[in-house]
Every structure is written in C-alpha cells, then in structure tokens.
Amino acid sequence: MLIFWIVAGWVGYCLLPWYGVEKFWSLEWLLDGWPLDKDYAPAAVLVAMGQKLWLLPMALSLIAPLAVMGRRKSDPVFARVLIVAGAFGFGWLVAQGLGIGLRGFTAPWLEALFGPLEDRQFGMGYGAMITATAFLFLLTTGIAARGAVNGDVFVMSAIGGVIAVVTIFVFFPIAKMLMAAFVTDDGGYSLLVFFAKFFDARIWGLGCLSGGRCGVAWNSLFLAVLVGVLTTLLGLAFALVLTRSGFRYKRVLRALTVLPIITPPFVIGLAIILLLGLSGTVTTTVAEILGISPTRWVYGLPGVLIAQLLAFTPIAFLVLIGVVEGVSPSMEEAAQTLRASRWQTFRTVSLPLMRPGLANAFLLGFIESMADFGNPLVLGGNFDVLSTEIFFAIVGAQYDQSRAAILAVVLLGFTLGAFYLQRFWLGKKSYTTITGKGDAGVHPAMPRGLAIPVYAVVALWSTFTVVVYGMILYGSVVQLWGVDDTLTFKHYLTAFRVEWGEAGLRWTGSAWDSFWTTILIATLAAPLTAALGLITAYLLTRQNFAGKRAFEFGTMLSFAIPGTVIGVAYILAFNVPPIEITGTGLILVISFIFRNMPVGVRAGIASMSQLDKSLDESSLTLGANSWHTFRAVILPLLRPAILAALVYSFVRAMTAISAVIFLVSARYDMATSYIIGRVENNDYGLAIAYSTALIFVMLAAVGLLQLMVGRTRIGRRTSHAEGH
Amino acid sequence: MKKPAVATAVLVATTSLSATAALADLNLYCSAQEEWCQIMEKSFEEATGIDVAMTRKSSGETFAQLQAEASNPKGDVWWGGTGDPHLQAAEEDLTEPYVSPMRDQLHPWAIAQATSAGDKTIGIYSGALGFGYNSDMLAKAGLPAPACWEDLTKPEYKGMVQMANPNSSGTAYTTLATMVQLFGEDGGFDYMKRLHANINQYTKSGSAPIKAAGQGETLIGIVFMHDAVAQTVAGFPVVTVAPCEGTGYEIGSMSIIKGARNMEEAKKFYDWALSVEAQNLALQVNAFQVMSNVGAAKSDKAPDMAALKLIDYDFKTYGSSDERKRLLSKWDSDVSTLPQ
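Residues numbered from 1 in each chain as written. Chains lettered and ligands numbered in written order. Predicted model: local features only at pLDDT ≥ 70, side-chain atom pairs only at ≥ 80, totals over all residues. Heavy atoms only, no water.

*Asks:* Explain the overall build of chain B to me, and be specific about the residues and the numbers.
*Replies:* Scanning chain B from terminus to terminus reveals 14 helices and 11 strands. Dimensions of chain B, computed from C-alpha atoms along their principal axes, come out at roughly 70 × 55 × 40 Å. The burial tally for chain B puts 62% of its 340 residues in the buried class. Considering only contacts within chain B whose residues lie at least 6 apart along the sequence, 76% involve residues at least 24 apart. Taken as a whole, chain B presents about 12200 Å² of accessible surface, with 55% of it coming from carbon and sulfur. Averaged over its 27 positive side-chain charges, chain B has a centre that lies 6 Å from the centre of its 40 negative ones. (Helix = DSSP H or I, 4+ residues; strand = E, 2+ residues; numbered from the N terminus. Buried < 20%, exposed > 50% of the residue type's maximum accessible area, 1.4 Å probe, protein only. Contact = heavy atoms within 4.5 Å. Areas by Shrake-Rupley, 256 points an atom, 1.4 Å probe, with all protein chains shown as cover. Lys, Arg positive; Asp, Glu negative; His and termini not counted. Charge placed at Lys NZ, Arg CZ, Asp CG, Glu CD.)

Encoded structure:
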C-alpha cells in the first residue's frame, strides 16, 4: 500500500497536469501539447522550465519516503520520516494554493513580505489532487506506524481522509461565509459591529409575551422544539405499529410514512393552503357549519407546524424503525418472565433501550425544522423564522450578507446546543442489544393502554396524509388548481412529451433536461453519501482517538446550517482557485454529499451502538483486520442504516432546494429549481404534475434500493405462528 | 465483471457532469420568468448561431451571485429583473459600460436608466405599480371595488390587503419609494402606517400577494400591474386596478457583466435584445410589460402606460444604497412595529 501511494504521488507530480483542465474526464489534454504546454504541464515540468517555482519544495516530500521504504514499520525513523514528509507536503500544497491565486498573492501581508508576484495560478487539477491524497496517506501511515489507534493503517487513513474532506468541503466554505459576520459597512472587520448586530431586537425581542411580535430567534427555537418532539412521537408511533402490533397492512402504512419525504418542496404547502387556507375546502366547510366567517388561521405557526410535521415525521420514523426493531426481544421476554406486566416491560426495558433512536430522531427533527425554508416561505404568514430571514437577507432588497452571517451564527448556536443536550441525555450508558449470541425472541405486542392512543394517532395522521396526497394527485390532472376543475393530462404532456422524429426518439417535454440531470446527480451522490456517512459512524462508535468530539461535531455541521448559507458559502469558496468547481455538476454532487452525510452518520451511530463490540473483537481475534471486520461483520448488520442513508440521500438530492438554487447552472438545472420557476410563474398544474412524476420515480427508486440492499437477518422468529 | 461495469458507468456519468459551463459561447443570467428566458435563449441561438447557456434566477439571487463571483465572473450578460439590483451592480462596479447602436430606437426612460448608471445598464421593459383584487370574493363579501391607493386604508378592507415586505422584495420597496414620492416623505409614511392596519401579511416575494388573491387567500394584493394581468390571463378571477392618485414603476434592465469571458457575444446579445424582433417575443409568453423599443408590439390586455398617471420616479436617488437603507430602517422602526 505504501509503495502504491508513493508511486501515485510521483505520478501526480511528474506526469499528470497539475492545474485543472477544462473537461475533467476528457483526455483531450494528452494530444493538445502535453506535457510541455503551460496549461497542461505537470508540476515537475513547470518547475524544470523555471515556472511556478513555488511548487518545487513538494518534491522533497516525495523523495524522503523513498529512503525509508525498506525499513520495518516498527522502526521509529520510518514513522518520523513519513510524518514529516506527509505533513510538510500536504501543508505546503495547501498553503501555496491558498496563498497564490488568480491575481498573484491573495493577501496583502504576503505581498508585503515577499514583494509583488508577477505570476498567477488557476484551480488545481488531477495532478494536485492525487499528490495531495498521496501526502495525506504518507502522513496517516506514519502516524499509525507510531502506534496510534493500535497501529491500524485502515482506521488511521479513514480518519485522516474524513477529516480532510470535511475540512475542505464543510469548514472551509463555512468559515469563509462566517467571516462576513464581522465585516463592517466600509469593508473592515470589527467585533463591536458584530455584537451590535447580534443583539438586535429583531432577533431576540420578546414582544410576543406582551402581545407584540417576538424575535426570529425565539420563533425558530419554539417551532424547532415543537417539531422535534412531535415528529419523534409520531415516528415512534408508526414504528411501534409496524413492529409491535398485529396490524395487517404494514406495507401500505410503511409506504405512507415515506411518502412525504419524497415530495418536492412547496407541494405540501400548496396542498395545505387549498385545504386549510382562507378559501380552503376544510376551512370554508367548518366555518359554514359553525356559522362564523373563515379566517387565515393557518398562516403562521399552525401552518408551518403542520407542514413540517408532515415532511419530517418520515425522517424520525426511518431513524426509529431500525432502533425499535433492534431492541432485543430476549430482554423483553426476560422482563416478562420475571412477571413484569407489558406496560412495565415497555416503560422500563423497551423504551430506555430506544433512547439513542429517540435522541437522534429529535435532533434530526429539530435541525430539519431550523433549516427548513420552503414551508415557512409558503405558510409562514407573519411568523418569521431564521432560515427565511437568512435567505432574504442575501437575496432580498437588503443585500446584507453580514446580517445573513449573523443570523447563521444564531442558528448554528441553537443546533449545537441541541446536539450537546442530546449527548448529555444519552450519557454513557450502553444500549447494546445485538450480540453474537443467539437471540431468537419475538417482540411483545404493545401494552393496551399505549396501543389505543398510538393507533388513534397513526390512523388520524394516515388519513390526513392520504387526503393531502389525494389533493396533490388531483391537482396535477385539473386545468387550474382551485379554479377550473376540468380534468386534463396537458400538464404531464407539456412536461414529459416524447416524440418519434426522424432522428429516432426525441424528448421534447420541457422537464426532461432537468429531470435527467437530477437523476444523474442523485444516483452519483447517494452511494458516496452513504459510504462516507457509515465510515464516519464506524469511526465514531468503534474507535477512540483524540479530538473525537470535534470530529463528530464537524460531520454534523453542514446539516445544521441551512442550505441557503451553504449555497452562498460554496460559491464564495469554490469559485476561485485552489478549488474551482462552480458551474459544474460536481459541485452539486459534493454539496449533496456533505449536506446529507449527517443522516448516514446518525443512522449508522444509532444502529451501531446496538451492535456488541464482542462481534468486532471475535473477528479481530480470528485474524481479520479492521477493514475486513467492517466489511464482513459490521456492514451486513447495518443494512437498515445503509438503506436509510441511501434512500435519504437519493431522495434529498431530488427534493432539496435551498442550497441548490445557488449552485445550479445553465447546463445543470435541477428538478426542484425548475419546479420553483413554474410555481413563481403561476404554473401550478405543471409544477404539481412534475412533482407527482418525481414522487413515482422516487418510490420506484426506493423499492429498488430496498431490493438491492436486502434485509438484515438477525436470526429471530418472525411471529408466534411461524416460530415453532 | 460487475465492478468494471459500475466504474465505467460512474466514469461516463461524471464525464458529462464535469464539463464546465464555460464551453458555451454565451452565458446568460436571466431574471425574468422561465418561459420568457427560454424563448430569449432559443430565439437568439436561432438568430445568430451562438450557443447560449442560460440560468434563470431572481434578480436578488443573481445580484448575490455576481457579488460572490466578482473575482472570477462566470456569466457574460444579465438580462431582465427589476432595475434596482442592476443599478446597485453598476454602483459596485460589477458590470461593464456599453453604448449600443440600438439606442436611438428606445423610449427615453430606457436611455435615462442607462445614463444614470454610467451606461452600465439599460432599460428593456417597464411596468407600473398597482393592485389587483379577487372579484369573486369581493362580490361575496358585498364590498365596493377599490380604485385608489387611499381606498386601501378604509376600515372595511381590514385584514384583506396583502403586500410584500420591503426588506425582502424589490416590488414592495418600489411601493414604499412610490408613496414617499407621491405624498412626500411624511405623507408617504403616514400612508404606510394607515395601510399597515389593513395588511394581513407581508409576504417575502414580490408577486406572492396577487397569487394569494388569485387563490382566494386574500382580497387585495399590491403588485406590479403586469403580474396582476398575468393572473387574469391564467384564468383566476383577478381584476387589475390602476390607482387614481398616480403610481410609480420599475424598469426591467440588462447589464453586461464586468470581466465577461465572451465579451463579443455578450454585446451581440445586448444589441439583439433591444431589437423589435426580440422584444416582440414578450407577448408570446404572456409578459405584459411595456417594452423599451418604440416599435415593439403592445397587447390589448396590457395596462396602457400612456393612460396611467405615472409619477416622475427618481431611480438614481431611490435606487442608491444609502437612501434604500434609510427608508427601510425608518419603515422597520416606524411602521412594521405598530399594532395591527
């Protein structure tokens, strides 16, 4: 492995074009003047020609490891040389990339120190990318050789790799954006201005206690706590009905709970307006029966709350179902054998074992609500929340980036607070229930006192979901939603027309372009997201290393910040060298990976904390290394988590809007930004028809994923009847 | 066998993904409605053979993007959207001065927009501010039809008027600036305070109030008149009103982005977009603004600008950052905090 990476480093430095080429994957550069053409030359050739001399010092880091290749791993010189070479090479590469940009030195103090630079450089390309990876690997191999994490090279490299990508694609852009919070009107930086803006009454005002309006911070906090608690309870109710009851149509129920997660933004909001708005069916009917005049009651907290509950309960459900299934029936059976009643068993055994799931579900609901942007936009009325305020601080008539950054700081503060509260609540207890030992029990049914309210809630909620989706489906086949109810298929035809022309099949519908782009990007992003998320979860639950808390926090960060901020941050960070990827499809894929990775991490952690460590240990004792253990033992037991991560990231890539709206380009338009364009343009029929089509595509995709990933077989009886 | 197949698929997919947008001959940022943007893109391609890559975003979003991309611009020309962000971009030196040979065919207001910004932007269409109401709801409630700005403050419309928040919407800022110019600063703010008592919601987006009126979620929405007309044409029971006291207007604008990579093509587009041929495309997509070319066709559904009482809107003063900040913070502290 070491030899491979040393060779890779040399190839990246001496053979591949150092700077970015116009088309990332095309090999045009091979025929177009490489290796001597200035644009395509490898670093070594550039240096040999006397150009870009600042690339020279990296060669030292490539030479040094050659000297120690023959040495044993336990030799301290081996470790020291690799660490120094890797760290120096990587550090230098980053420093020169940040320090020298399109217009020479990027900071005034560099110019003051070295004098003006006549040269410039563009974004990094394959050469730089591969060399950087090689340096990183040298460094982690060196650290592992010194004995860190038991000298395990796989674990150390995984940690190094995750830290590197999270730093580049999460910390770096966000830091760039947050710097704006300290910018004064005339372009300088000041703490005083920050505090003055931070303690603004429009953010923290408490007017609502005395009949006025409260600051956006309190609005968001209140809404998020409410949504977090309620989605967790609803998700738990659904999970209980599915695992601990004799309910017969579980499949239907399961599909129903997943439906809202695959619905593009704005659609739920529009349906709720048509049902509960001032002229909505339900509002007018109820008003007529009660003999009062209809009101705009739904605009504000009630509307946003309803829409968010609809949208985010499935996330809580996806997290909880794995955990609720995973709770060991043996423990529950043991409790019952000891004469505990069903209720006692549930309260003292089942529920406490579900705590990691409950805590994670709450955290996700809380964060999702904080960052949600589509629902408050449509249904918020005068109830302002942080996410919409941030969006309009950036794109509205204010154009106030520093206000946006300050609101983002507030939002981040809340999500971090929730994160630590969750850690505190979980404490240091063990929630392990899946061990290597046989566990052939069956989950007991819910106690009756619990079953009745749970059934009632699930029935009510399911009915509501069905009605909302009925409205949506109906809306896509009428002329003009809410005005002209003539049935028609014209919206589908406009969007998805296909014609046989002279040149064969022609996709003439207006939606096809964005449709294919969306599918492509979602398909690329989903497996990468799941992989990164689960590896991170594995590191967090199974390995101990210094700075683990900070590491965990970093992986959650991009999720806690609303997409709008991420979108602008990405443009600020990646439009200029060293990494220049705006306007490409790549930036969309990357933004999805890092936006959605936290769900993979959370689902992975929740499932993994149920797997007994003795499973890993026995695998390791039998001679497998940690990579093999991860692949052959842990991964198969994680199927629910893998599925959750895959489904979630695929679906989010198809339905997310807030970050996307800044990152789409002419060539890479996404379905959601197209739909919003239609909504803005009053073309509700087309927007809803497109959304409906997307819902079916996603349903098919989710089914396909479920088939591919398969189910975890934990070796339990499936029911009383089949068990014997 | 399976792995190479997957790897190839990923490779092929990413190949098509990572080709940058810079390959097109012209990168157009478009801030008008989707269909209008598309028809402009296609027609220009047909007329010149230049390959266009178009991105549609609201004018605020585009302006934010121009700021973010300032050190390495990706776009060439920015077409459409209300004039203020274009003026602001000119003020921040994000756009390039250009004097088009097409200028002598334009209305004076379009050229005035250019001269006020040092030729860095130009008017392509204009639309007057007004309001619209839902005629079905009005009949049901048995209320009189409003005809003037002053009518909107009458107590019978309490909780039935919707407008956008001037902090987030250019349309609503134009409303505020119009009132200040129409009634004087004190009179204008006094009007906004009385109007505030009748407002049921300050929406985020400028055209949202009239969409809400179309769906029956509010009775009256204060918007640009062409947006209200578009609702009527789309089939909603919306009636457009030109306020009797007179009204302000916006000038939809176009600018060339400073440091554009395809400057030649950008200028070609700029000249073409000012021609009668290009401006007549508006009617095909139900855009009822008045176009800047004197010879452009007019729709009989569009509000007749000549019959309106237009104020002499001072774009230079009210489009400047300082005046905007001052008026908005005054509105924030004096109007938005009042009880309703």
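*Asks:* Run through the pattern of salt bridges, naming residues and quoting values.
*Replies:* Residues and elements named next belong to chain B. A complete count under the given rule lists 13 salt bridges over all chains for this structure. Of the charged contacts in the structure, one is a salt bridge between Lys 258 and Asp 93, with a shortest N-O distance of 2.9 Å. Remark: Asp 93 occurs in the loop between α4 (83-91) and β4 (95-96) and Lys 258 occurs in the loop between β10 (249-257) and α10 (263-273); sequence separation between them is 165 residues. Judged by relative accessible area, Lys 258 falls into the partly exposed class, the value being 36%. Its salt-bridge partner being Arg 326, residue Glu 323 comes within 3.0 Å of it at the nearest N-O pair. Taken together, the residues span about one helical turn, with Glu 323 and Arg 326 both in helix α14 (residues 321-334) at a distance of three residues. For Glu 323, a relative accessible area of 14% translates into the label buried. Looking at Arg 326, the relative accessible area reads 36%, which means it is partly exposed. (Salt bridge = Lys/Arg side-chain N within 4 Å of Asp/Glu carboxyl O.)

*Asks:* Lay out the pairing of strand β1 (residues 26-30) of chain B in plain terms, naming residues and giving numbers.
*Replies:* Residues and elements named next belong to chain B. For β1, the buried fraction is high: five of the five residues fall into the buried class. Both faces of β1 are covered, namely the face carrying Leu 26, Leu 28 and Cys 30 and the face carrying Asn 27 and Tyr 29. Where β1 and strand β2 (residues 52-56) come together, five bridges link them in parallel fashion. Bridging from a neighbouring strand, Cys 30 pairs with Arg 56 of β2. By the bridge criterion, three bridges tie β1 to strand β3 (residues 77-79) in an arrangement that is parallel. Note on β3: the bridge partner recorded for Tyr 29 is Trp 78. (Pairing = 2+ DSSP bridges.)

*Asks:* Now, about the packing of helix α24 (residues 512-542) of chain A against helix α33 (residues 684-709) of chain A: what can you tell me, with residues and values included?
*Replies:* Helix-helix packing is described using two parameters, namely the angle between the two axes and the distance between the axes. Residue and element names in this part refer to chain A. Put simply, α24 and α33 touch, their axes get as near as 13 Å, and they point 30 degrees apart. Taken together, the axes of α24 and α33 are roughly parallel relative to one another. Between α24 and α33 lies a crossing whose hand is right-handed. Along its contact with α24, which presents Ser 514, Phe 515 and Ile 519, the element α33 presents Tyr 690, Leu 694 and Val 697. Residues of the contact of α24 with α33, tallied by class, amount to five nonpolar, one polar and no charged. (Axes fitted to C-alpha atoms, helices over the stretch in contact; angles between N-to-C directions. Parallel < 35°, antiparallel > 145°, perpendicular 65-115°, else oblique. Left-handed = near helix turned anticlockwise from the far one by under 90°. Nonpolar A, V, L, I, M, F, W, Y, C, P; charged D, E, K, R; others polar.)

*Asks:* Break down the nonpolar core for me, citing the residues and quoting the values.
*Replies:* The biggest cluster of nonpolar side chains holds 217 residues, and the ones touching the most others in it are Ile 272, Met 354, Leu 539, Tyr 570, Phe 594 and Tyr 690 of chain A. The contact partners of Ile 272 of chain A, leaving out residues within four places of it in the chain, are Gly 277, Val 298, Ile 306, Ala 307, Leu 310 and Leu 379 of chain A. Grouped together as the second largest cluster of nonpolar side chains are 84 residues, Leu 87, Val 180, Phe 189 and Ala 287 of chain B included. (Core = buried A, V, L, I, M, F, W, Y, C linked by side-chain atoms within 4.5 Å.)

*Asks:* Any details on the domain arrangement of chain B? Residues and values, ideally.
*Replies:* Residue and element names in this part refer to chain B. What the domain assignment lists for chain B is domain 1 (7-126 + 250-299) and domain 2 (127-249 + 320-334). The gap between the C-alpha centroids of domain 1 and domain 2 is 28 Å. Taken residue by residue, the interface counts nine residues in domain 1 and 11 residues in domain 2. Interface area, domain 1 with domain 2, both sides summed: about 990 Å², of which 52% is carbon and sulfur. For the interface between domain 1 and domain 2, the tally reads one salt bridge. Between Arg 324 and Asp 84 there is a salt bridge, with its nearest N and O atoms 3.2 Å apart. Between domain 1 and domain 2 we count three residue pairs in polar contact (both at pLDDT 80 or more) in total. Listed by contribution, the elements that provide at least two residues to the side of domain 1 that touches domain 2 are α4 and β10. With three residues, α4 is the single largest residue contributor to the side of domain 1 that touches domain 2. Residues that form the side of domain 1 that touches domain 2 fall into these classes: two nonpolar, four polar and three charged. (Domains from an automatic or database assignment. Buried area = accessible area lost by both parts, 1.4 Å probe. Polar contact = N/O pair within 3.5 Å; in protein donor to acceptor, adjacent residues only side chain to side chain.)

*Asks:* Account for the domain arrangement of chain A, naming residues and giving values.
*Replies:* By domain assignment, chain A separates into domain 1 (2-146), domain 2 (202-483) and domain 3 (490-495 + 503-709). Relative placement of domain 1 of chain A and domain 3 of chain A: their C-alpha centres are 30 Å apart.

*Asks:* Before we move on, could you go through the packing of helix α8 (residues 153-178) of chain A against α24 of chain A and cite the residues and values that matter?
*Replies:* Residue and element names in this part refer to chain A. Running from amino to carboxyl end, α8 crosses α24 at an angle of 120 degrees, the nearest separation of the two axes being 10 Å. Accordingly, the angle class assigned to the pair α8 and α24 is oblique. Between α8 and α24 lies a crossing of left-handed hand. Residues Phe 154, Val 155, Ala 158, Ile 159, Val 162 and Val 165 of α8 form the contact with α24, whose own contacting residues are Leu 532, Ile 535, Thr 536, Tyr 538 and Leu 539. The class makeup of the residues in the contact of α8 with α24 is 10 nonpolar, one polar and no charged.

*Asks:* Report on a nonpolar patch on the surface, specifying residues and quantitative values.
*Replies:* Residues and elements named next belong to chain A. Side chains of Ile 3, Val 7, Val 11, Leu 15, Ile 63, Leu 66 and Met 69 sit close together on the surface and give an oily, nonpolar patch of about 580 Å² of accessible area. Only α1 (2-14) and α4 (58-68) provide two or more residues apiece to the nonpolar patch. Residue contributions to the nonpolar patch peak at three residues, all from α1. The topology assignment puts Val 7 in helix α1. For Val 7, a relative accessible area of 45% translates into the label partly exposed. (Patch = residues over 30% accessible without salt bridge, like charges linked within 9 Å, V, L, I, M, F, W, Y side chains within 5 Å.)

*Asks:* Quick one: what's the story with unusual backbone geometry, residue by residue and with numbers?
*Replies:* Of note in the backbone geometry, Arg 339 of chain A takes a positive phi value of approximately 75 degrees without being a glycine. Examined against the element boundaries, Arg 339 of chain A turns out to sit in the loop between α16 (329-337) and α17 (342-353). Judged by relative accessible area, Arg 339 of chain A falls into the exposed class, the value being 76%. The backbone phi angle of Asp 93 of chain B is positive, close to 60 degrees, even though this residue is not glycine. With a relative accessible area of 36%, Asp 93 of chain B lands in the partly exposed category.

*Asks:* Residue-level account of the state of the cysteines, with values.
*Replies:* All names here are of chain B. For the structure shown, the criterion picks out two disulfides over all chains. With a sulfur-sulfur separation of 2.0 Å, Cys 30 is cross-linked through a disulfide to Cys 37. A torsion of -85 degrees about the S-S bond marks the disulfide between Cys 30 and Cys 37 as left-handed. Since its relative accessible area comes to 0%, Cys 30 is described here as buried. Classification of Cys 37 by relative accessible area gives buried; the value is 0%. There is a disulfide in this structure between Cys 148 and Cys 244, and the S-S distance comes to 1.9 Å. Where Cys 148 bonds to Cys 244 through sulfur, the torsion about that S-S bond is close to 120 degrees, and the disulfide is right-handed. Here Cys 148 is found in the loop between α6 (135-141) and β6 (161-164), whereas its partner Cys 244 is found in the loop between β9 (238-241) and β10, with 96 residues between them in sequence. (Disulfide = S-S within 2.5 Å.)

*Asks:* An account of the pairing of strand β5 (residues 122-134) of chain B is needed here, citing residue identities and associated values.
*Replies:* Residue and element names in this part refer to chain B. Taking burial as the measure, the 13 residues of β5 include 13 buried ones, the bulk of the element. Where β5 meets β10, six bridges bridge the pair, whose relative direction is antiparallel. Bridging from a neighbouring strand, Ala 128 pairs with Tyr 249 of β10. As paired strands, β5 and strand β11 (residues 290-291) are joined by two bridges and run antiparallel to one another. The residue of β11 that forms the bridge with Ser 126 is Val 290.

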